[in-house]
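# Tertiary structure, described
The primary structure of each chain is shown beneath.
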Amino acid sequence: MAVFTPVSLEDLGPWMQQFPLGKALGIKGIASGIENSNFFINTEAGEFVLTIFENLSFEQLPFYLKLMRHLADHGVLVPAPIANDQGELVVALHGKPAAIVSKLEGKSQMEPQAVHCAAVGNMLARMHLAAQDFSIRQPNLRSLDWWHLTTPKVLPFLSDDLQHLLRAEVHFQDAFDSTPIYRALPNGPVHADLFRNNVMFDGERLTGFFDFYFAGCDTWIFDVAVTVNDWCIDVATGVLDEERALALLNAYHAVRPFTKEEGIAWQPMLRAAALRFWLSRLYDFYQPRDAEMLTPHDPTHFERILRLRESGRVPALPIN
Ligand SMILES: Nc1ncnc2c1ncn2[C@@H]1O[C@H](COP(=O)(O)OP(=O)(O)O)[C@@H](O)[C@H]1O
Ligand SMILES: N[C@@H](CCOP(=O)(O)O)C(=O)O
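Residues numbered from 1 in each chain as written. Chains lettered and ligands numbered in written order. Predicted model: local features only at pLDDT ≥ 70, side-chain atom pairs only at ≥ 80, totals over all residues. Heavy atoms only, no water.

The test is simple: UniProt positions are given in the numbering used here, feature names are shortened, and annotations may be inferred rather than shown by experiment.
The name an unreviewed UniProt entry gives the protein is Homoserine kinase, with Undibacterium pigrum as the organism. Regarding the protein, the relevant UniProt record gives this comment under Pathway (unreviewed entry): "Amino-acid biosynthesis; L-threonine biosynthesis; L-threonine from L-aspartate: step 4/5."

In structure tokens form, the structure reads like this:
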């Protein structure tokens, strides 16, 4: 991720005294990612990740951090948030909300094989089930309402053809959202951004999901669609790779069987998942924020995926 709010070791020293991690020994900004300011911090208790939240408020953050804690307590592999001496998980740093979480082992698998996709499908289903009884409810903040708010902000920058594609897809999703099929979809807290760069692997062993800061309550099948649209494609073209898609879907289904309604919603949700990231990438592209380090994401990648999911054949869900 980019560093929007710089933090020095001198800033960190006094602030860290409230955490049970000993002295801060080093801090290093992390250049990947686009939403928050992230740092690896080295302390007397080991290595951790410090995040300064650039868009989320003190009121919104307990949902994400307590969700991570809840998932960790239920055996889902995620970073553990560290509480300060007052038991708080979110504490101000440079006037913004900040949190420290444990550092996961391993690295992201950017060229996944079927075995990695199966591990992700299995853990994703376990995550959905484990989050069912999480008591805080917060909607997915990048869902239909956000699409409606954001579309007019990017339309002026787009060609006629792209304007048409965007308007038509939002219209399609509006219509689908009001169907009985949509209303019957199982839902709960979802990750909503489970891309390859938000999962760690040590070889073929999945060591954790992270970056829960787009999580919210939404349909489980939307979460599966977001995941498949990133893990199970040929990255250059966006075409779905059937072997990897089936590995992920079968592993998910073995833990939490898909419903008949999800089978019907599958293609519309693959489209919704493509629209969601096309729109956010367009917004970030045309309305960039200041950052010390910033790696912009390419909107055309998701424009291509959206067109493919609208017109192409997609592997059916394994429904019993
Ligand atoms: N808990 C963690 N353990 C290990 N590495 C992490 C952890 N959290 C973040 N990172 C590293 O920081 C990078 C950026 O984090 P990310 O949460 O994706 O940023 P952003 O919120 O801006 O999208 C990740 O790609 C990963 O390398
Ligand atoms: N995954 C999204 C952007 C969010 O960035 P992340 O680093 O938090 O995953 C995209 O690829 O557009």
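There is more to say after this.
## Focus: unusual backbone geometry
As a reminder of what qualifies: Helix and strand definitions follow DSSP, with helices as H or I runs of at least four residues and strands as E runs of at least two, each counted in order from the N terminus.
Positioned with a positive phi, His 94 is a non-glycine residue whose angle comes to about 50 degrees. Not every positive phi belongs to a glycine, and Asp 211 is a case in point at roughly 55 degrees. With respect to the secondary-structure elements, Asp 211 resides in the loop between strand E8 (205–209) and strand E9 (216–219).

## Some points on the site of ligand 2
The criterion, for reference: For this description, a residue counts as near a given molecule or strand if any of its non-hydrogen atoms is within 4 Å of it. Polar contacts here mean pairs of N or O atoms no more than 3.5 Å apart (in protein, one a potential hydrogen donor and the other a potential acceptor; neighbouring residues in sequence count only if both atoms are side-chain atoms). In this description, accessible areas are obtained by the Shrake-Rupley approach with a 1.4 Å probe, and a residue is regarded as covered only by the protein chains that are shown.
The environment of ligand 2 is formed by 11 residues, the closest being Asp 193, Asn 198, Asp 211, Arg 281 and His 297. Within the side chain of Asn 197, one N or O atom sits 3.3 Å away from an oxygen atom of ligand 2. Note that an oxygen atom of ligand 2 is positioned 3.1 Å from one of the side-chain N or O atoms of His 297. Isolated, ligand 2 exposes 330 Å² of accessible area, and the fraction of that covered by the protein chains is 96%.

## Observations concerning the packing of helix H5 (residues 160–177) against helix H10 (residues 299–311)
Short version of the rule: For every element, the axis is a line fit to its C-alpha atoms; helices are fit only across the contacting stretch, and the angle between N-to-C directions ranges from 0 to 180 degrees. Between 65 and 115 degrees an angle is taken as roughly perpendicular, under 35 as roughly parallel, over 145 as roughly antiparallel, and anywhere else as oblique. Left-handed describes a crossing whose near helix is turned anticlockwise from the far helix by less than a right angle; the clockwise case is right-handed. Contacts are assigned to residue pairs with any non-hydrogen atoms lying within 4.5 Å of each other. Residues are grouped as follows: Ala, Val, Leu, Ile, Met, Phe, Trp, Tyr, Cys and Pro are nonpolar; Asp, Glu, Lys and Arg are charged; all remaining types, including Gly, are polar.
Taken N-terminus to C-terminus, the directions of H5 and H10 make an angle of 55 degrees; their axes are 12 Å apart at the nearest point. If you check the angle between H5 and H10, you find them oblique. Helix-helix and strand crossings are classified by hand; for H5 and H10 the assignment is left-handed. Residue-level contacts link Asp 161, Leu 162, Leu 165 and Glu 169 of H5 to Glu 303, Leu 306, Arg 307 and Glu 310 of H10. Its residues assigned to classes, the contact of H5 with H10 shows 3 nonpolar, no polar and 5 charged.

## A look at the pattern of salt bridges
To keep things clear, this is the line we draw: Basic side-chain nitrogens of Lys or Arg form a salt bridge, by our definition, when they fall within 4 Å of a carboxyl oxygen of Asp or Glu. Note on exposure labels: buried denotes an accessible area under 20% of the residue type's maximum, exposed denotes more than 50%, and partly exposed covers the range between, all computed with a 1.4 Å probe on protein chains only.
Inspection of the entire model under this criterion finds 13 salt bridges. Among the ionic pairs, Glu 105 bridges to Arg 205, the shortest N-O distance being 3.2 Å. Placement of Glu 105 in the loop between strand E5 (96–102) and helix H3 (114–131) and of Arg 205 in strand E8 is noted, with a sequence separation of 100 residues between them. Note on Arg 205: relative accessible area 43%, which makes it partly exposed. Between Arg 271 and Glu 169 there is a salt bridge; the shortest N-O distance is 2.8 Å.

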